[in-house]
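# An overview of the molecular structure
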Amino acid sequence: MKLSDDFKFLSLQAVKRKNAEELPANEQFFYIINLLDRENNPVKFYSFDNNINAQLIKSINSQELKGLQDCLVHFELLFSNNNWNVKLINIEYI
């Protein structure tokens, strides 16, 4: 099920993968995107997509994306093996 919802951007956190030495330079990190939902509850999205990661870093460095800025997040909810999984699709800055 694909969904979209409004969030406020808080921060982007880079996390080095455990097997980073074995991976190409652009795949050595994944990112945690910290957001607030409509009721100001903290929400985290994990991003393993290099295109989304590069877009986020570029937007933050150019100050197109700032703290507490409104964002429209597109994501997909998947139910498999008795677990719910969330897949980040895209982030749009408002």
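Preceding this paragraph is the structure being described.
In this report, we go over the structure that sits alongside the text.

Rules and cut-offs
- Residues numbered from 1 in each chain as written.
- Predicted model: local features only at pLDDT ≥ 70, side-chain atom pairs only at ≥ 80, totals over all residues.
- Heavy atoms only, no water.
- Helix = DSSP H or I, 4+ residues; strand = E, 2+ residues; numbered from the N terminus.
- Polar contact = N/O pair within 3.5 Å; in protein donor to acceptor, adjacent residues only side chain to side chain.
- Contact = heavy atoms within 4.5 Å.
- Patch = residues over 30% accessible without salt bridge, like charges linked within 9 Å, V, L, I, M, F, W, Y side chains within 5 Å.
- Areas by Shrake-Rupley, 256 points an atom, 1.4 Å probe, with all protein chains shown as cover.
- Salt bridge = Lys/Arg side-chain N within 4 Å of Asp/Glu carboxyl O.
- Buried < 20%, exposed > 50% of the residue type's maximum accessible area, 1.4 Å probe, protein only.
- Core = buried A, V, L, I, M, F, W, Y, C linked by side-chain atoms within 4.5 Å.

### Some words on the side chain of Q69
Tracing the backbone through its elements, the reader meets Q69 in the loop between α1 (50-61) and β4 (70-80). A distance of 2.9 Å separates a polar side-chain atom of Q69 from the backbone nitrogen of K66. Each residue touching Q69, except ones within four places of it in the same chain, is listed here: F7, K8, F9, E64, Y93 and I94.

### Structural notes on the side chain of N34
If you trace the backbone, N34 turns up in strand β2 (residues 29-36). Not counting residues within four places of it along the chain, the set of residues in contact with N34 comprises K8, F9, L10, S11, Q13, V43 and K44.

### Topic: a nonpolar patch on the surface
Together, M1, L3, F79 and W84 line one region of the surface with nonpolar side chains, adding up to about 460 Å² of accessible area. Inspection of the secondary structure puts W84 in strand β5 (residues 83-93). Given a relative accessible area of 56%, W84 falls into the exposed group.

### Describing the nonpolar core
Core analysis: the largest hydrophobic core is formed by 15 residues, its most contacted members being I33, F45, V73 and I91. Of all the secondary-structure elements, those providing two or more residues to this core are β1 (2-16), β2, β3 (42-47), α1, β4 and β5. Not counting residues within four places of it along the chain, the set of residues in contact with F45 comprises F7, Y31, I32, I33, L35, V73, F75, V86 and L88.

### Comments concerning unusual backbone geometry
Positive phi, close to 60 degrees, is recorded for Q63, a residue that is not glycine. Q63 gets classed as exposed once you look at its relative accessible area, which sits at 54%. Positioned with a positive phi, N81 is a non-glycine residue whose angle comes to about 55 degrees. By the element assignment, N81 lies in the loop between β4 and β5. Judged by its relative accessible area of 72%, N81 is exposed.

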